[in-house]
Amino acid sequence: MATDAWQQARSATVALWHRVRPEHADEVGSDLDVLRRQVLAARAAEDAGTEEALAAPWRLQLQHLLRTVPGFAEELRSLLDEHLLPALPAQGQEGSSEVVMRAEAHDHARVFMAARDQHITGA
């Protein structure tokens, strides 16, 4: 949000909203502009707590869309991979591929988990 590539990331995000919630796209654009100013101020003040708090409502909104809009996960992944992550400076991309998975197997069950490609061979 605080990088020079802001306009490209903002445009791509608003375009996503135009596809999944067109009635809210203009509002999202305005909200992102306000949010950017707030993030820049928090970073200038070295206030990581405020920066984290500013992200929380967006996380909730994205989680809601993931649950309710078919195909949104693919749209969001595309937005992240093609526009948002490349806009981050190198040090901002470090934790961007972190995946947390939990599984529990009982009796004779097997669990196969992968954050990316998974190749299973043999019996």
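Residues numbered from 1 in each chain as written. Predicted model: local features only at pLDDT ≥ 70, side-chain atom pairs only at ≥ 80, totals over all residues. Heavy atoms only, no water.

## Re unusual backbone geometry
What is expected of a backbone is that most residues other than glycine have negative phi and most peptide bonds are trans.
Turning to step 1, where the next piece is worked out: In this model, E46 sits at a positive phi of 50 degrees, which is unusual for a non-glycine residue.
Turning to step 2, where the next piece is worked out: If you trace the backbone, E46 turns up in the loop between α2 (25–44) and α3 (48–68).
Turning to step 3, where the next piece is worked out: A positive phi angle, near 55 degrees, is found at D107, a position not held by glycine.
Turning to step 4, where the next piece is worked out: Mapped onto the fold, D107 is located in the segment after α5 (90–93).
Turning to step 5, where the next piece is worked out: Since its relative accessible area comes to 79%, D107 is described here as exposed. (Helix = DSSP H or I, 4+ residues; strand = E, 2+ residues; numbered from the N terminus. Buried < 20%, exposed > 50% of the residue type's maximum accessible area, 1.4 Å probe, protein only.)

## Here we look at the nonpolar core
Turning to step 1, where the next piece is worked out: With 18 residues, the main nonpolar core has L16, W17, L32, L35, W58 and F72 as its most contacted residues.
Turning to step 2, where the next piece is worked out: The element that contributes the greatest number of residues to this core is helix α1 (residues 6–20), accounting for six residues. (Core = buried A, V, L, I, M, F, W, Y, C linked by side-chain atoms within 4.5 Å.)

## Notes on the pattern of salt bridges
Turning to step 1, where the next piece is worked out: Scanning all chains against the criterion turns up five salt bridges.
Turning to step 2, where the next piece is worked out: Taking the shortest distance from any N to any O, the salt bridge between D33 and R10 comes out at 2.8 Å. With a gap of 23 residues between them, D33 in helix α2 and R10 in helix α1 connect regions that are remote in the sequence.
Turning to step 3, where the next piece is worked out: For R77, the salt bridge identified is with D81, shortest N-O distance 3.0 Å. Remark: D81 and R77 occur in helix α4 (residues 72–87); sequence separation between them is four residues, near one turn of the helix.
Turning to step 4, where the next piece is worked out: For R77, a relative accessible area of 43% translates into the label partly exposed.
Turning to step 5, where the next piece is worked out: Accessibility expressed as a relative area gives 40% for D81, which makes it partly exposed. (Salt bridge = Lys/Arg side-chain N within 4 Å of Asp/Glu carboxyl O.)

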